[in-house]
Amino acid sequence: FNSKLINGQQATPCEDFWGGGSNNPTQNFVDRFEVIKFDENGEAVGTEQFDWSNPEHVKNIYKNRDPRFYYTVLYNNRFWIKRAIGVWRDGNNYGPDIDPKNHNFSRTGYYLRKYWPRSCFDEKNPGGAFVSSFYIRLGEIYLNYAEAMNEAYGPYTDGLGMSEKYTAVDAINELRARLVCPESSSIGGESDPYWYVKEERNENPDFPVLENGMPALPTNLSQDQARERIRNERVVELCFEDHYFYDILRWKEGSKHIGGTIYGVDVVKTGDEFTYTRKEVEQRQFDESRMYLYPIPQDDVYSLGVEQNPGW
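Model, not experiment: these values are computed from the prediction.

What counts as what
Residues numbered from 1 in each chain as written. Predicted model: local features only at pLDDT ≥ 70, side-chain atom pairs only at ≥ 80, totals over all residues. Heavy atoms only, no water. Pairing = 2+ DSSP bridges. Helix = DSSP H or I, 4+ residues; strand = E, 2+ residues; numbered from the N terminus. Contact = heavy atoms within 4.5 Å. Salt bridge = Lys/Arg side-chain N within 4 Å of Asp/Glu carboxyl O. Buried < 20%, exposed > 50% of the residue type's maximum accessible area, 1.4 Å probe, protein only. Expected span 1.5 Å × (residues − 1). Core = buried A, V, L, I, M, F, W, Y, C linked by side-chain atoms within 4.5 Å.

Novice: Would you mind showing me how to read the pairing of strand β10 (residues 273-284) here?
Specialist: Two faces make up the sheet, and in a regular strand the side chains alternate between them. Relative to β10, strand β9 (residues 260-270) runs antiparallel, the two being bridged by eleven bridges. Paired with G260 across the bridge in β10 is R284.

Set out below in structure tokens:
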């Protein structure tokens, strides 16, 4: 695996990286990463969904988010490999990673960090890295179990009759609890299993301290509420692993997540300060009457005598 492979998809097109920047996470996706709530002692006590009507959320837009956000998305003023990402505008001046007149640059204000190892620098200075591929991983097994258990028994009931109770919420909490991010002072050298956390925080002050991982889900969710939390967990955990499109189809939520408004972020720079506003990027359409199924090739319809799928 080397930087040539990520050049056309993850890397921003400007100086230092010289990529194609074609994978642009949307603001819709970024908003799925929960905001962590801390008490006066700095202990994580819960999470809440990001809300554009909450002034504190918008003022601190990239702080105290689910750690998976920082491992997945590159955003304005986030240092990455060589310099801070700049997707801001200031009058007629633009940051190095945004140019509305050049379609190679991000349209949403975000670039994809996932699958872009630090060791893969740029096109002129390739670096190598090992990136594992897989058919299925443990996180998906927890998510599959949680979704099935919630639909069958609800969020807090284990109706399987096994020796140890294990509910839908238990599975999600176990997945979240593994996101341990200790204080940097307690992390040793490169052989420490949490060295990557220290490395992350050294270049990213937004990265949270989570001694016990992400806080557990609430204990009073209804089945419908749990379903939404489980689905959201699936989105952020398995993002860009070729699940989400097919999940949307089986959930029958095409109009909500494939169609509708695609948002990005407008970043205005004033001096050394940044102001963030959600912006519309484009409108997309999803036809409920036919788009949950693909069309059958017309030659097969004729030769096999089968009926074409509805609407095609």
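There's more to say after this.
Novice: It is not clear to me how the sheet that holds strand β7 (residues 93-94) should be interpreted in this structure. Could you clarify?
Specialist: Adjacent strands of a sheet pair through backbone hydrogen bonds, lying either parallel or antiparallel. Taking strand neighbours across the sheet as the criterion, the four strands line up as β7-β6-β9-β10 in an open arrangement whose pairing is mixed. Since the sheet does not close on itself, it has two edges, and those belong to β7 and β10, each with one partner.

Novice: What is the right way to read the environment of P310 from this model?
Specialist: Mapped onto the elements of the fold, P310 is located in the segment after α11 (298-304). P310 sits 69 residues away from E241 along the chain, and the two C-alpha atoms are 29 Å apart. Leaving out residues up to four positions away in the same chain, P310 has contacts with S289, R290 and L293.

Novice: Teacher, can you tell me more about the pattern of salt bridges here?
Specialist: Side chains that carry opposite charge are capable of pairing whenever their charged atoms lie near each other. Under the counting rule described, the total for this entry stands at 29 salt bridges. We note a salt bridge from E199 to R118, for which the minimum N-O separation is 3.6 Å. Here R118 lies in the loop between β8 (111-112) and α5 (138-153) and E199 lies in helix α7 (residues 195-203), a separation of 81 residues in the sequence. Overall, the relative accessible area of 32% leaves E199 in the partly exposed class.

Novice: How do you make sense of helix α8 (residues 223-237) when you look at a structure like this?
Specialist: An α-helical segment advances 3.6 residues per turn. Residues three or four places apart therefore align on the same side. Compared with the 21 Å implied by 1.5 Å per residue over 15 residues, the 21 Å span of α8 between its first and last C-alpha is a close match. Along α8, eleven of the 15 residues are buried, which leaves the element largely enclosed by surrounding structure. Here α8 has its buried residues at A226, R227, R229, I230, R231, N232, E233, R234, V235, V236 and E237. On its buried face, α8 sits against α2 (27-30), β2 (44-48), α4 (67-72), α5, α6 (168-177) and α9 (244-251).

Novice: What should I look at first to understand unusual backbone geometry in this one?
Specialist: Residues apart from glycine generally show negative phi values, whereas peptide bonds are mostly found in trans. Positive phi, normally seen in glycine, also occurs at Y115, with a value near 70 degrees. Even without being a glycine, F240 presents a positive backbone phi close to 60 degrees. Along the chain, F240 falls in the loop between α8 and α9. The class of F240 is partly exposed, set by a relative accessible area of 36%.

Novice: For this particular structure, what's the right way to read the environment of L5?
Specialist: You can see L5 is positioned in helix α1 (residues 3-7). Linking L5 and W116, residues 111 residues apart in sequence, is a C-alpha distance of 9.4 Å.

Novice: How should the nonpolar core be read in this particular structure?
Specialist: Considering soluble globular proteins, one finds that nonpolar side chains tend to be buried as a cluster. Of all hydrophobic cores here, the largest spans 43 residues; its most connected members are F17, Y62, F69, W80, Y110 and W116. Only α2, β1 (35-38), α4, β3 (73-74), α8 and β9 provide two or more residues apiece to this core. The residues contacting F69, other than those within four sequence positions of it, are V30, F33, Y62 and Y75. Y142, A168, L175 and L238 belong to the second-largest nonpolar core, a separate cluster that totals 14 residues.

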